[in-house]
2 protein chains.
Amino acid sequence: MSGFGLDHLPYGVFSHLGDTPRVGVRLDDTVLDLAAATGRPELATSSLNAFLALGPEVWTETRAQARELLEGGSPTLPLADVTLHLPVEVADYVDFYASEHHATNVGRIFRPDGDALLPNWKHLPVGYHGRAGTVVPSGTPVVRPSGQRPGGVFGASARLDIEAELGFVVGVGSRLGTPVPHDAFADHVFGVVGLNDWSARDIQAWEYVPLGPFLGKSFATSISHWVTPLEALEAAWVDLPGQDPEPLPYLGPGATRGLDIDVEIEVDGVVVSRPSYRDMYWSPAQMLAHLTVNGASLRTGDLYGSGTISGPDADQRGSLLEIGWGDESAFLADGAEVVLRYSAPGTGGGRITLGEVVGRIEPARG
Amino acid sequence: MSGFGLDHLPYGVFSHLGDTPRVGVRLDDTVLDLAAATGRPELATSSLNAFLALGPEVWTETRAQARELLEGGSPTLPLADVTLHLPVEVADYVDFYASEHHATNVGRIFRPDGDALLPNWKHLPVGYHGRAGTVVPSGTPVVRPSGQRPGGVFGASARLDIEAELGFVVGVGSRLGTPVPHDAFADHVFGVVGLNDWSARDIQAWEYVPLGPFLGKSFATSISHWVTPLEALEAAWVDLPGQDPEPLPYLGPGATRGLDIDVEIEVDGVVVSRPSYRDMYWSPAQMLAHLTVNGASLRTGDLYGSGTISGPDADQRGSLLEIGWGDESAFLADGAEVVLRYSAPGTGGGRITLGEVVGRIEPARG
């Protein structure tokens with residue numbers, strides 16, 4: 001059981017022997033050259049974007065075609081022989097903060113005497129824009145960022161952290177001035193990626209008032225090579241844990257379904273946490289409806305992250321800030337390697353394994 | 001004196017009689033079809049990006065060539081006969097907060113009993129990422145956004161505002177992990193645009209803690225049709241008013257030059273304010289050095305805004321929040337039309353007029 005069987009078939013962009021990157025589909029430890037096998041010009045490009053723009057009907061057709069080709073024994077390339085690339089040319093990148101457990105933990109750490117959650121938190125999925133140009137594929141080394149730490153002291157970040165998240169990839173855009181309703185989620189969102197929102201806590205702590213995180217986050221965001229289509233996650237939908245107060249009409253009630261995805265965080269070969277995406281407070285469809293309620297338009301290639309996935313228990317925390325809880329040695333040392341793994345119920349009765357997200361820390365430069 | 005003489009020659013993207021958009025240069029009230037006149041393929045495209053990526057030497061050559069063609073009497077099209085488009089395909093959009101007068105005014109309005117400036121403000125140019133996909137060209141109508149206002153009440157924004165800014169367009173990208181030094185500004189930045197960062201103050205006030213502005217800004221950001229190259233602003237450089245404490249080495253000291261650009265804000269035909277960009281605290285080169293000090297890479301088409309341009313006097317405020325100072329009737333009504341105008345000393349001894357930024361408010365939908 002590789003987790004990459006016929007019920008999964010995630011999409012990625014690969015090249016072979018230095019030729020032009022193109023779209024492929026993964027089956028076990030092999031890749032089907034979907035561009036060549038289908039002759040579809042939108043797949044013979046260096047990102048999934050042209051294919052994503054074609055919309056849900058074509059996504060369904062193409063998935064069926066890929067499955068048919070593979071069942072019919074179409075030749076594939078060994079995964080070990082190909083180079084994998086960033087799967088999506090990211091248009092806008094937005095990051096949310098949708099885990100109540102994470103937001104509560106962070107509130108307790110930073111404001112021990114105040115309310116753990118801020119007044120807006122249960123009314124809307126808090127989010128902000130991140131840097132699309134520094135979204136990198138799994139395996140890209142992460143250079144330790146330098147910058148201003150509290151008090152305006154310059155230096156390399158001493159509190160380098162991860163945020164284990166799920167990312168949602170938008171396929172079909174929308175019109176400026178027209179919100180996307182909560183029940184139109186599947187008309188726009190193609191699938192999901194694993195996502196590590198690398199964070200320099202000391203840089204972030206100094207800069208973030210009043211306009212939010214900037215350089216503490218913008219040095220790198222890693223995503224998996226493989227994009228799992230929503231169709232492969234049909235067996236993973238679950239009810240959210242519950243929302244109180246009841247969200248405003250534009251945020252539901254039909255949008256209160258989450259995903260039963262298990263996450264595993266490994267640092268230097270040791271599993272340090274196992275959060276579950278099913279414990280999130282705000283749903284993927286609610287985040288999308290909120291993102292556009294002011295009329296902001298979507299574009300093909302938009303990416304939005306869930307925010308750190310933390311569960312209710314101490315061994316389910318999605319960031320080292322929470323895992324260490326005041327212990328500075330929990331942050332990442334030079335050379336540290338982080339692997340995020342994700343799995344979910346597949347439609348075939350077993351489990352599928354989403355694309356992993358790997359990154360190793362390189363020392364600060366200069 | 002049109003302000004668009006031979007010492008200006010800004011770049012834009014236009015189409016004529018419904019044909020394909022391409023790059024042109026403006027002279028007075030005419031447009032030179034630079035794509036046709038030079039035969040350069042990078043100019044025969046629907047954005048300036050391919051041309052911008054060619055770098056400063058080609059920018060200088062092309063400007064000289066355009067001037068030569070126009071002096072030689074090359075035929076031009078009347079401005080009235082062409083359609084103007086968004087000049088740049090925006091990669092990442094960052095907005096700064098670089099006016100001390102604006103930040104102080106906002107601090108006094110929102111925190112009357114606290115310090116007007118937050119502790120980090122004089123140590124670094126505070127900034128955040130905005131939504132690149134909703135940057136629109138001058139003249140695009142702005143639909144009044146709806147969303148959550150304080151307390152989680154849903155409705156159309158009742159505090160719709162402007163922010164008069166200057167935008168900087170990046171031509172040449174940089175490598176991930178390698179900061180851009182403060183003295184490399186002109187190797188990367190091609191030129192400037194007028195910029196209106198439309199803001200829904202009530203939406204922003206409720207959502208912005210702790211991750212910054214999101215839907216209060218992301219519905220629209222308007223920029224001028226014309227991009228003024230830095231070469232046309234050579235006579236406009238002035239010293240900054242002064243910085244105390246002295247910035248960290250990565251922010252200067254060679255980067256402490258500002259631009260002597262006058263701004264005029266007109267609402268419904270009445271000039272309501274005349275700020276000057278020469279009064280800004282942080283310089284364009286300092287903002288760029290800060291943006292990349294953590295190793296974040298630049299891409300062709302990146303756009304960064306100065307933040308609201310406010311001067312020391314009451315008639316030099318760059319937002320209606322400041323102009324009204326507590327008077328709710330200062331915010332924009334449906335149908336209101338805002339025009340931002342910019343002028344600067346030209347290299348020919350007179351003044352040049354940068355591209356104006358126009359927007360009219362349409363009523364909220366639904």
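These numbers were taken from a predicted model, which means no experiment stands behind them.

Let's talk about unusual backbone geometry
Item 1. Residue P245 of chain A is reached from D244 of chain A by a cis peptide bond, and omega for that bond is 5 degrees.
Item 2. Inspection of the secondary structure assignment puts P245 of chain A in the loop between β18 (237-239) and β19 (257-259).
Item 3. In this structure, P210 of chain B follows V209 of chain B across a cis peptide bond, with omega equal to 0 degrees.
Item 4. With respect to the helices and strands, the residue P210 of chain B is situated in the loop between α6 (201-207) and β16 (221-223).
Item 5. Residues other than glycine seldom take positive phi values, yet D268 of chain B does so here, at roughly 50 degrees.
Item 6. Mapped onto the fold, D268 of chain B is located in the loop between β20 (262-267) and β21 (270-273).
Item 7. At W325 of chain B, a position not held by glycine, the phi torsion is positive, near 45 degrees.

Considering the relation of the copies chain B and chain A
Item 1. Once chain B has been moved 0.0 Å along the axis and rotated by 180 degrees, it coincides with chain A to within an RMSD of 0.0 Å. The superposition operator between the copies reduces to a two-fold rotation axis. No C-alpha of chain B approaches the rotation axis more nearly than that of G212 of chain B, which lies at 2.0 Å.
Item 2. When the interface residues of chain B are mapped onto chain A, 100% of them again fall at the interface, so both copies present the same face.

So, the sheet that holds strand β5 (residues 82-85) of chain B
Item 1. With antiparallel pairing, the 5 strands of this open sheet are ordered in space as β4-β3-β2-β1-β5 (chain B). Of all the strands in the sheet, the pair left with one neighbour each is β4 (77-78) and β5 of chain B.

Overview of the pattern of salt bridges
Residues and elements named next belong to chain A.
Item 1. Inspection of every chain in the model, using the stated rule, returns 48 salt bridges over all chains.
Item 2. When the shortest N-O distance is used, the salt bridge between D262 and R351 registers 3.3 Å. Of this pair, D262 sits in strand β20 (residues 262-267) while R351 is found in strand β24 (residues 351-353), placing the two residues 89 residues apart along the sequence.
Item 3. Several salt bridges converge on common partners, so that one network encompasses D161, E163, D197, R201 and K217.

A look at the interface of chain B and chain A
Item 1. Contacts between chain B and chain A engage 56 residues on the former and 56 residues on the latter.
Item 2. For the pairing of chain B and chain A, the buried interface totals around 5,200 Å² over both sides, and the portion due to carbon and sulfur atoms is 61%.
Item 3. Between chain B and chain A we count 2 salt bridges in total.
Item 4. A salt bridge links D302 of chain A to R131 of chain B, with the shortest nitrogen-to-oxygen separation between them at 2.8 Å.
Item 5. Linking chain B with chain A are 23 residue pairs in polar contact (both at pLDDT 80 or more).

Description of the domain arrangement of chain A
All names here are of chain A.
Item 1. Taken domain by domain, chain A holds domain 1 (11-85) and domain 2 (93-362).
Item 2. In this structure, domain 1 and domain 2 have C-alpha centres spaced 27 Å apart.
Item 3. Summing both partners gives a buried area of about 1,500 Å² for domain 1 against domain 2, and 69% of it is carried by carbon and sulfur.
Item 4. Taken together, the links from domain 1 to domain 2 amount to 0 salt bridges.

So, the environment of G346 of chain A
Residues and elements named next belong to chain A.
Item 1. Structurally, the position occupied by G346 is in the loop between β23 (337-345) and β24.
Item 2. Taking the C-alpha atoms as reference points, G346 and M280, separated by 66 residues in sequence, lie 20 Å from one another.
Item 3. If we ignore the near neighbours within four places in the chain, the residues touching G346 are D7, A232, A235, R351 and I352.

Some words on helix α3 (residues 56-71) of chain A
One full turn of an α-helix is made of 3.6 residues, so residues set three or four places apart face in the same direction.
Item 1. A rise of 1.5 Å per residue sets the reference length of α3 of chain A, with its 16 residues, at 22 Å; its end C-alpha atoms lie 22 Å apart and thus fit the reference within 8%.
Item 2. Positioned one or two residues after α3 of chain A, G73 of chain A has a phi angle of 85 degrees, which is positive.

Structural notes on helix α3 (residues 56-71) of chain B
All names here are of chain B.
Item 1. For α3, the complete set of buried residues consists of V58, W59, T62, R63, A66 and L70. Projection of α3 onto a plane perpendicular to its axis shows the buried side chains occupying an angular sector of 135 degrees, all on one side. In this structure, α3 carries E57, E68 and E71 as exposed residues pointing more than 90 degrees from its buried face.

Considering the packing of aromatic side chains
Item 1. On inspection of all chains with the given rule, the structure shows 26 aromatic pairs over all chains.
Item 2. Residues W121 of chain A and Y281 of chain A carry aromatic rings whose centres are separated by 5.3 Å and whose planes lie at 55 degrees to one another, so their mutual orientation is tilted. A residue pair is termed long-range when its members are at least 10 positions apart, and W121 of chain A in the loop between α4 (100-110) and β7 (127-130) and Y281 of chain A in the loop between β21 (270-273) and α7 (284-292) qualify at 160 residues. Residues W121 of chain A and Y281 of chain A agree in their burial class; the two are buried.
Item 3. Where F185 of chain B meets W237 of chain B, the ring centres are 6.1 Å apart and the plane angle is 90 degrees; that geometry is what we call edge-to-face. Note that F185 of chain B is positioned in helix α5 (residues 185-188) and W237 of chain B in strand β18 (residues 237-239), a separation of 52 residues in sequence.
Item 4. Taken together, the aromatic side chains of F96, F168, F185, W237, Y277 and Y304 of chain A together with F214 of chain B make up a single cluster linked through ring pairs.
Item 5. Between the NZ or CZ atom of R26 of chain A and the centre of the ring of F4 of chain A, over which it lies, the distance is 3.5 Å.

Things to note about the layout of surface pockets
Item 1. When its volume is computed, the largest pocket comes out at roughly 610 Å³.
Item 2. Contributing to the lining of the largest pocket are 31 residues, with F110, R111 and Y208 of chain A together with P210 and L211 of chain B lying nearest its centre.
Item 3. Looking at the lining of the largest pocket, the elements with two or more residues in it are β6 (93-96), α4 and α6 (201-207) of chain A.
Item 4. For the lining of the largest pocket, the element with the most residues is α4 of chain A, which contributes 4 residues.
Item 5. Looking at side-chain class alone, the lining of the largest pocket contains 20 nonpolar, 3 polar and 8 charged residues.
Item 6. Here the lining of the second largest pocket is composed, by residue class, of 8 nonpolar, 7 polar and 4 charged.

The rules behind the values
Residues numbered from 1 in each chain as written. Chains lettered and ligands numbered in written order. Predicted model: local features only at pLDDT ≥ 70, side-chain atom pairs only at ≥ 80, totals over all residues. Heavy atoms only, no water. Helix = DSSP H or I, 4+ residues; strand = E, 2+ residues; numbered from the N terminus. Least-squares fit on C-alpha atoms with pLDDT ≥ 70 in both. Contact = heavy atoms within 4.5 Å. Pairing = 2+ DSSP bridges. Salt bridge = Lys/Arg side-chain N within 4 Å of Asp/Glu carboxyl O. Buried area = accessible area lost by both parts, 1.4 Å probe. Polar contact = N/O pair within 3.5 Å; in protein donor to acceptor, adjacent residues only side chain to side chain. Domains from an automatic or database assignment. Expected span 1.5 Å × (residues − 1). Buried < 20%, exposed > 50% of the residue type's maximum accessible area, 1.4 Å probe, protein only. Arc of directions from axis to C-beta. Phe/Tyr/Trp six-rings, centres within 6.5 Å; stacked < 30°, edge-to-face > 60°. Lys NZ or Arg CZ within 6 Å of the ring centre and 35° of its normal. 1 Å grid on protein atoms, 1.4 Å probe; cavity = no way out; pocket = protein on both sides within 12 Å on 5 of 7 lines; lining within 4 Å. Points joined across faces, edges and corners; volume = space filled by probe spheres on them. Nonpolar A, V, L, I, M, F, W, Y, C, P; charged D, E, K, R; others polar.

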